[in-house]
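Listed below are the residues making up each chain.
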Amino acid sequence: MKSLLANPHITVFGIDVYYYAIIIVSGIAVAIALFAYFLKKKGYDGYDAVDYALWIIPLAILGARLYFFLFPYEGQPSNWGTFWRFRNGGLGIYGAVIVGYTVAYIVAKIKKQNFFQITDLIIPGLLIAQCIGRWGNFVNQEAYGNLVTNPDLQWFPYAVFIDAKNAWYQATFFYESLCTGIGFVITMFMIRSKHYRTGWLGSFYGIYYGTVRLIIESLRSDSLYLWIGTINTGIKISQAVSIFAIILGLYRLCYIYRAELLAKYKSLFKSQYKAKQTAMYVLFALAGVQAALSAVFILLVAVGAVPFVGTGAKMIVASVVMLIAAFMMLCGGIINSEGLKRFCKDCKEEADCQTQEDGTVLCTCKCGKTWTYKEQKWAKEVFKDRQPPERTLENKAKEVSQKDEI
């Protein structure tokens, strides 16, 4: 094993091929094969996996490289002149995931396929590729954690001996490999479940891997940091991205179960009017509170009451998250206020409403009262699902509606 780590490559026709690259490529190959398998099982052409791979893989590698250079190690500013020297090392998995996710969305749109279903079919392969790829960190002796000084804990897989440091460190690469392997097994059960819904696996990945990385990143001693100019904010960038991933995963999961959640919520009230009115007030109030807190955080940092490096930077990130959440809640409140316009102000019953040619909505209540209003559509656009319907094995020729559509 020591000879492997001391000489982590083989030579082919005079060219050094590193074990790290072999391991990463092996993980990618397994991911593509799994993706093709699931595409075929869901009624797509299995060769579509090649179309996605040809675009996603090279651009995802560039994304991983860019992520590494944008958020360098502490005390090691990026030398952009070496950006294209990939053999020197330096990749960040989140950069690959973010760019890969974006490219997959574009390709799915071009091919008129349901992006959320395509994502679900990619996730098992992505997780097993990450599980395999982390062993590339082992042969490169990187992605390790804190120093382990207790001799009783100096054993693998809890710790790993780092030759360059001549000491034992927590084997965080193994922790992540194990967790992503477990995640892969879970997704294999999820995608075969009779209760499967489109978007399950994408939501699971955001929540699960986001949580795993958030915890493991806190143990790592070679993390990448968020820099603003030449100032290191002290924020481990992968932890910040993990928080966003968890939030997005939870949001998408709520969207998948929106019908059930809405039904549960409505059951708490005697009338639909009261349910919508309460939702509107609560969402507007929460949006206002979060916007106010964000303003306070930003002001405290701006006037120097809180040092920017460390606490201040984290407050700014929290402010950005709260402002995004406030905007989403504001849109939700507006949608509910628009819904209230369909209810009669006298009897509180929902009227029969029809959109007219001029764009106004004409409502006629059972009590005989009529009224018109102009619909504000921009808020609904924020939550609109623009994906083509799901493909199924039962109907390969034409796409059918998702069972969770309402």
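See above for the structure.
The following refers to the structure shown. Starting from 1, residues in each chain are numbered consecutively following that chain's sequence as written. Totals for whole chains, interfaces and linings use every residue, but because this is a predicted model, local features are given only for residues with pLDDT of at least 70 and side-chain atom pairs only at 80 or more, for both listing and counting. Remark: hydrogens and water are excluded; side-chain values derive from all non-hydrogen atoms of the structure.

Attention shifts here to the overall build of the protein. Labels follow the DSSP assignment, with helices taken as runs of H or I lasting at least four residues and strands as runs of E lasting at least two, numbered in each case from the N terminus. A tally of helices and strands in the protein yields twelve helices and nine strands. A principal-axis box enclosing the C-alpha atoms of the protein has dimensions of 90 × 60 × 45 Å. In the protein, which comprises 406 residues, the share counted as buried stands at 43%. The contact definition used throughout considers only heavy atoms, calling two residues in contact when any of these lie within 4.5 Å. By sequence separation, contacts in the protein at least 24 residues apart represent 64% of the contacts at least 6 residues apart. The method behind every accessible area is Shrake-Rupley, applied with a 1.4 Å probe, and residues are considered shielded solely by the protein chains displayed. As displayed, the protein offers around 22100 Å² of accessible surface, 66% of which is attributable to carbon and sulfur atoms. A positive count includes Lys and Arg, and a negative count includes Asp and Glu. His and the chain ends are not counted in either. A single reference atom marks each charge: NZ on Lys, CZ on Arg, CG on Asp, CD on Glu. For the protein, the distance from the average site of its 41 positive side-chain charges to the average site of its 28 negative ones is 2 Å. Each residue's exposure class comes from its accessible area (1.4 Å probe, protein chains only) as a fraction of the maximum for that residue type: buried when under 20%, exposed when over 50%, partly exposed otherwise.

A word on the state of the cysteines. Two cysteine sulfur atoms make up a disulfide if the distance between them is within 2.5 Å. Enumeration over the complete set of coordinates arrives at one disulfide. For C353, the disulfide goes to C363, at an S-S distance of 2.3 Å. Taking the torsion about the S-S bond as the criterion, the C353 to C363 disulfide, at about 110°, is right-handed. A residue pair is termed long-range when its members are at least 10 positions apart, and C353 in strand β7 (residues 352-355) and C363 in strand β8 (residues 360-364) qualify at ten residues. Taken individually, C353 and C363 each receive the classification buried, so the pair is uniform in this respect. We note that C331 lacks a disulfide partner, and the nearest cysteine sulfur, in C254, lies 16 Å from it. The exposure class assigned to C331 is buried, which follows from its relative accessible area of 0%.

In this section: the pairing of strand β6 (residues 231-236). When DSSP finds at least two bridges between two strands, those strands are taken to pair. Strand direction decides the pairing type here: strand β5 (residues 225-228) and β6, joined by three bridges, are antiparallel. Residue pairing in the sheet places W227 in a bridge with N232 of β6.

For the rest of this paragraph, the subject is the environment of V282. Residue placement: V282 occurs in helix α10 (residues 272-302). Residues V282 and G332, 50 residues apart in the sequence, show an inter-C-alpha distance of 10.0 Å.

Attention now moves to the packing of helix α8 (residues 237-256) against helix α11 (residues 308-340). Direction vectors running N to C along α8 and α11 enclose 15°, while the axes themselves pass 12 Å from each other. Accordingly, the angle class assigned to the pair α8 and α11 is roughly parallel. Like other packed secondary-structure pairs, α8 and α11 cross with a definite hand, here right-handed. Mapping the contact onto sequence places F244, I247 and Y251 in α8 and V320, V321, I324 and M328 in α11. An axis is simply a line fitted to the C-alpha atoms; with a helix, the fit covers only the stretch in contact. Between two such axes, the angle follows the N-to-C directions and lies from 0 to 180 degrees. Working definition: roughly parallel below 35 degrees, roughly antiparallel above 145 degrees, roughly perpendicular at 65 to 115 degrees, and oblique for all remaining angles. Two helices cross in a left-handed way if the nearer one is turned anticlockwise from the farther one by less than a right angle. They cross in a right-handed way if the turn is clockwise.

Here the focus is the sheet that holds strand β9 (residues 370-374). Taken in spatial order, the three strands of this open sheet run β7-β8-β9, and their pairing is antiparallel. Because the sheet does not close on itself, it has two edges, and the strands there are β7 and β9. Ignoring which end each strand starts from, the neighbouring axes of this sheet average 25° apart. Relative to β9, β8 runs antiparallel, the two sharing five bridges. Opposite V361, over in β9, you have Y373 as the bridge partner.

Within the secondary structure layout, T187 lies in helix α6 (residues 172-192). Of the polar contacts made by the side chain of T187, one reaches the backbone oxygen of F184; its length is 2.7 Å. Each residue touching T187, except ones within four places of it in the same chain, is listed here: I123, P124, L127, L201 and F204. In protein, a polar contact requires one atom able to donate a hydrogen and another able to accept it; more generally it is a pair of N or O atoms within 3.5 Å, and residues adjacent in sequence count only if both atoms are side-chain atoms.

Residue alternation in β8 divides its side chains into a buried set, V361 and C363, and an unburied set, T360, L362 and T364. Summarising the sheet, β7 and β8 pair through four bridges and their orientation is antiparallel. When the sheet's bridge partners are listed, C353 is paired in β8 with C363. Where β7 hands over to β8, the hairpin turn is made up of four residues, of which G359 adopts a positive phi near 95°. Connecting β8 to the next strand, β9, in antiparallel fashion are five residues, including G368 with a positive phi near 100°.

Now for α10. The terminal C-alpha atoms of α10, which comprises 31 residues, lie 45 Å apart, in line with the 45 Å expected from a rise of 1.5 Å per residue. Of the residues making up α10, those classed as buried are Y273, A275, Q277, A279, M280, A287, Q290, S294 and V301. Its buried side turned inward, α10 meets α9 (258-266) and α11. Just beyond α10, the residue with positive phi is G304, at close to 85°. Expected span of a helix: the number of residues minus one, times 1.5 Å.

What follows covers the packing of helix α3 (residues 48-70) against helix α4 (residues 93-110). Where α3 contacts α4, the two axes come as close as 7 Å, and the packing angle between them is 145°. When the axes of α3 and α4 are compared, the crossing they make is right-handed. Each of Y52, W55, I56, L59, A60, G63, A64 and Y67 in α3 lies in contact with α4, whose residues at this interface are Y94, G95, A96, V99, G100, V103, A104, V107 and A108. The residue makeup of the contact of α3 with α4, split by class, is 14 nonpolar, three polar and no charged. Here the nonpolar group is Ala, Val, Leu, Ile, Met, Phe, Trp, Tyr, Cys and Pro; Asp, Glu, Lys and Arg are the charged ones; every other residue, Gly included, is treated as polar.

Attention now goes to the packing of aromatic side chains. Aromatic rings from Phe, Tyr and Trp, taking only the six-membered ring of Trp, are treated as a pair when their centres fall within 6.5 Å; an angle between ring planes under 30 degrees marks them as stacked, one over 60 as edge-to-face, and anything in between as tilted. Evaluated as defined, the whole model comprises 32 aromatic pairs. Ring geometry for Y105 and F115: centres 5.2 Å apart, planes at 85°, overall edge-to-face. Residue Y105 is found in helix α4, and its partner F115 is found in helix α5 (residues 115-140); the two are separated by ten residues along the sequence. Since its relative accessible area comes to 33%, Y105 is described here as partly exposed. For F115, a relative accessible area of 3% corresponds to the buried category. Ring-pair connections join several aromatic residues into one group, and the members of that group are F68, F69, Y73, W80, F83, W84 and F86. Between R65 and the ring centre of F86, over which it is positioned, the NZ or CZ distance is 5.2 Å. Over the face of the ring belonging to Y255 we find R258, whose NZ or CZ atom lies 4.1 Å from the ring centre. Two limits define a charge over a ring: the Lys NZ or Arg CZ must be within 6 Å of the ring centre, and within 35 degrees of the ring normal.

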